[in-house]
Amino acid sequence: MRCELRTLHLTEPFHIAHGTSTERTVLRLSHDGVSAEAPFVPYYAESPGAAMAALSALHDPFDALPADAPRAARLAHDVLQHLLLARRAGVPLWQHLHLPDPNGRAACRSLGIPTDLGAYRQRVAEIARQFRVVKLKLGSGDPGHDLGIVRVAREAAPLATLIADANGGWTPTEAADLIPRLAALGLTMIEQPVAHGQGLAPWIELKAALPRPPIVVFADESVQTSADVPGMAPFVQGISVKLLKCGTIREALTMIRVSRDLGKQVLLSCMIESSLGIAVAGHLAGLADYIDLDGHLYLANDPGGGIKFDEQGCLHL
Ligand SMILES: [Mg+2]
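These numbers come from a predicted model, not from an experiment.

**Looking at unusual backbone geometry**
Argument step 1. Its identity as a non-glycine residue notwithstanding, His98 has a phi of 60°, on the positive side.
Argument step 2. By secondary structure assignment, the location of His98 is in the loop between helix 3 (93–96) and strand 4 (108–111).
Argument step 3. At Asn167, a residue that is not glycine, the phi angle is positive and equals roughly 45°.
Argument step 4. Note that Asn167 resides in the loop between strand 6 (161–165) and helix 6 (172–184).

**Notes on the side chain of Gln224**
Argument step 1. You can see Gln224 is positioned in the loop between strand 8 (216–219) and helix 8 (229–232).
Argument step 2. Reaching out from Gln224, the side chain makes a polar contact with the side chain of Tyr43 at a distance of 3.3 Å.

**A look at the environment of Gly90**
Argument step 1. With respect to the helices and strands, Gly90 occurs in the loop between helix 2 (71–89) and helix 3.
Argument step 2. The spacing of Gly90 and Gly197 is 107 residues in sequence and 44 Å in space, taken between C-alpha atoms.

**Digging into empty space enclosed by the protein**
Argument step 1. Applying the stated criterion across every chain, the model contains 1 cavity of 30 Å³ or more.
Argument step 2. Here the largest cavity is characterised by a volume of approximately 100 Å³.
Argument step 3. Taken together, 15 residues line the largest cavity, and the ones lying closest to its centre are Leu75, Leu243, Leu244, Glu273 and Gly277.
Argument step 4. Broken down by secondary-structure element, the contributors of at least two residues to the lining of the largest cavity are strand 3 (34–39), helix 2, helix 9 (243–246) and helix 11 (275–282).
Argument step 5. The residue inventory of the lining of the largest cavity, partitioned by class, reads 10 nonpolar, 2 polar and 3 charged.
Argument step 6. Taken together, domain 1 (2–96) and domain 2 (108–316) each give at least three residues to the lining of the largest cavity, which thus spans both.

**Describing the nonpolar core**
Argument step 1. Grouped together as the largest cluster of nonpolar side chains are 98 residues, with contacts concentrated most on Leu136, Trp170, Leu182, Ile190 and Leu293.
Argument step 2. A domain split of this core shows at least three residues from each of domain 1 (2–96) and domain 2 (108–316).

**Overview of the coordination of the magnesium ion**
For a metal with four tetrahedral donors the ideal donor-metal-donor angle is 109.5 degrees, while six octahedral donors give ideal angles of 90 or 180 degrees.
Argument step 1. Here the magnesium ion is held by Asp165 (OD), Glu191 (OE) and Asp220 (OD), and the distances to it run 2.2 Å.
Argument step 2. Along the chain, the residues donating to the magnesium ion fall in the pattern D-x25-E-x28-D. You can see Asp165 sitting in strand 6 and its partner Glu191 sitting in strand 7 (residues 187–191), a full 26 residues away along the chain.
Argument step 3. Taking the relative accessible area as the measure of exposure, Glu191 reaches 0% and is therefore buried.

**Section: the pattern of salt bridges**
Argument step 1. One pass over the structure, following the stated rule, counts 15 salt bridges.
Argument step 2. A salt bridge links Asp220 to Lys245; the nearest nitrogen and oxygen atoms lie 2.7 Å apart. Taken together, the residues span a long stretch of sequence, with Asp220 in the loop between strand 8 and helix 8 and Lys245 in helix 9 at a distance of 25 residues.
Argument step 3. Judged by its relative accessible area of 1%, Asp220 is buried.
Argument step 4. Between Asp289 and Arg260 there is a salt bridge, and its shortest N-O distance comes to 2.9 Å. Note that Asp289 is positioned in the loop between helix 11 and strand 11 (290–292) and Arg260 in helix 10 (residues 249–261), a separation of 29 residues in sequence.
Argument step 5. On the basis of relative accessible area, Asp289 is assigned to the partly exposed category, the value being 35%.
Argument step 6. A relative accessible area of 34% places Arg260 in the partly exposed class.

**Remarks on the packing of helix 6 against helix 7 (residues 201–209)**
Argument step 1. One can describe the packing of helix 6 onto helix 7 by two numbers: an axis separation of 9 Å at closest approach and a directional angle of 40°. On the basis of their axis angle, the class for helix 6 and helix 7 is oblique. Crossing handedness for the pair helix 6 and helix 7: right-handed. Contacts from Pro172, Thr173, Ala175, Ala176 and Ile179 of helix 6 reach helix 7 at Pro202, Glu205, Leu206 and Ala209.

**Details of helix 4 (residues 117–128)**
Residues separated by three or four positions in an α-helix point in the same direction, a consequence of the helix having 3.6 residues per turn.
Argument step 1. Look at helix 4: 16 Å from first C-alpha to last across 12 residues, which is about the 16 Å you get at 1.5 Å a residue.
Argument step 2. All of the buried residues in helix 4 are Tyr120, Val124 and Ile127. Taken around the axis of helix 4, the buried residues stretch over an arc of 65°, which confines them to a single face.
Argument step 3. Residues of helix 4 that are buried make contact with strand 4, strand 5 (133–137) and helix 5 (143–156).
Argument step 4. The opening residue of helix 4 is Asp116, an N-cap whose side-chain oxygen sits 2.9 Å from the backbone nitrogen of Gly118.

**Regarding the pairing of strand 9 (residues 238–242)**
Argument step 1. For strand 9, a buried count of 5 out of 5 residues is recorded, marking the element as mostly surrounded by other parts of the structure.
Argument step 2. Judged by which residues are buried, strand 9 turns out to be covered on both faces: Gly238, Ser240 and Lys242 on one side and Ile239 and Val241 on the other are all buried.
Argument step 3. Pairing analysis gives 2 bridges linking strand 8 to strand 9, with the strands arranged parallel. Following the sheet pairing, Ala219 is matched in strand 9 by Ile239.

**A look at the state of the cysteines**
Argument step 1. Overall, the coordinates contain 0 disulfides when judged by the stated rule.
Argument step 2. Cys270 takes part in no disulfide bond, and the closest cysteine sulfur, belonging to Cys108, lies 9.0 Å away.

Rules used throughout
Residues numbered from 1 in each chain as written. Predicted model: local features only at pLDDT ≥ 70, side-chain atom pairs only at ≥ 80, totals over all residues. Heavy atoms only, no water. Helix = DSSP H or I, 4+ residues; strand = E, 2+ residues; numbered from the N terminus. Polar contact = N/O pair within 3.5 Å; in protein donor to acceptor, adjacent residues only side chain to side chain. 1 Å grid on protein atoms, 1.4 Å probe; cavity = no way out; pocket = protein on both sides within 12 Å on 5 of 7 lines; lining within 4 Å. Points joined across faces, edges and corners; volume = space filled by probe spheres on them. Nonpolar A, V, L, I, M, F, W, Y, C, P; charged D, E, K, R; others polar. Domains from an automatic or database assignment. Core = buried A, V, L, I, M, F, W, Y, C linked by side-chain atoms within 4.5 Å. Buried < 20%, exposed > 50% of the residue type's maximum accessible area, 1.4 Å probe, protein only. Donors = N, O, S within 2.8 Å, 3.2 Å for Na, K, Ca; no water. Salt bridge = Lys/Arg side-chain N within 4 Å of Asp/Glu carboxyl O. Axes fitted to C-alpha atoms, helices over the stretch in contact; angles between N-to-C directions. Parallel < 35°, antiparallel > 145°, perpendicular 65-115°, else oblique. Left-handed = near helix turned anticlockwise from the far one by under 90°. Contact = heavy atoms within 4.5 Å. Expected span 1.5 Å × (residues − 1). Arc of directions from axis to C-beta. Pairing = 2+ DSSP bridges. Disulfide = S-S within 2.5 Å.

Listed below in structure tokens is the structure:
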């Protein structure tokens, strides 16, 4: 089993409420012609060296990893095992997992927080010619700028479905004020409006101030695994599922099942990572309402070989 670190460069700095980034490190595991990847993200602050050390101690891809190995190591290892089993069975991963065919499902394209709204208008119009769902990053620190972003996007793409992610960038009071105003501008969904670091407190406050939001509200950073979903259920209409967040393919499927059992919508998302890494989440896309798997489109040096979008913005593996 071969284990290596790769540096992926972004085409331009990506700005969201958590901060700005220009490159990402990913961990690539290969065995017998099959490769799996998992990214390191600033949000989890994990050591690539510790991940390499944990994986280098294994002799066989099906050996167990220590439970305290960094999440990128655990995910790459889990994915490699699944891909090897699917290849042995001679079928795509989605079929090996008995999931619906994800090919041809409409995906969305995300845009970071802009500074120049004129250039943003053109970019949104261009993206909306391919993708019918456009996801806007909000939480700029200036509620007026957030409103301007959605207003410009609506004008630039009058027929697109507009969804947004505040990445916890609003206080509950700001969120309760902004959500109805953004809905009036044509936004249909908002992800993680309030901060995730203080448990349910900001969500309780938001619900008290805005008991019936006019658009669907999703939790992302506030729900890391399936165990977090029931507690969040009274406060949201949807749950964001990411492989790196929940740790393994099985746990992602459990998180989707628990969310569905509680009547929630599901957004399947990814980090900024290569198309090879993202393709694994793509195999689960037949289970999702929103497919936000475009992290590789921010990269200048994506090695390719993974997920692709056609001229209508539909996913193909
Ligand atoms: Mg998010």
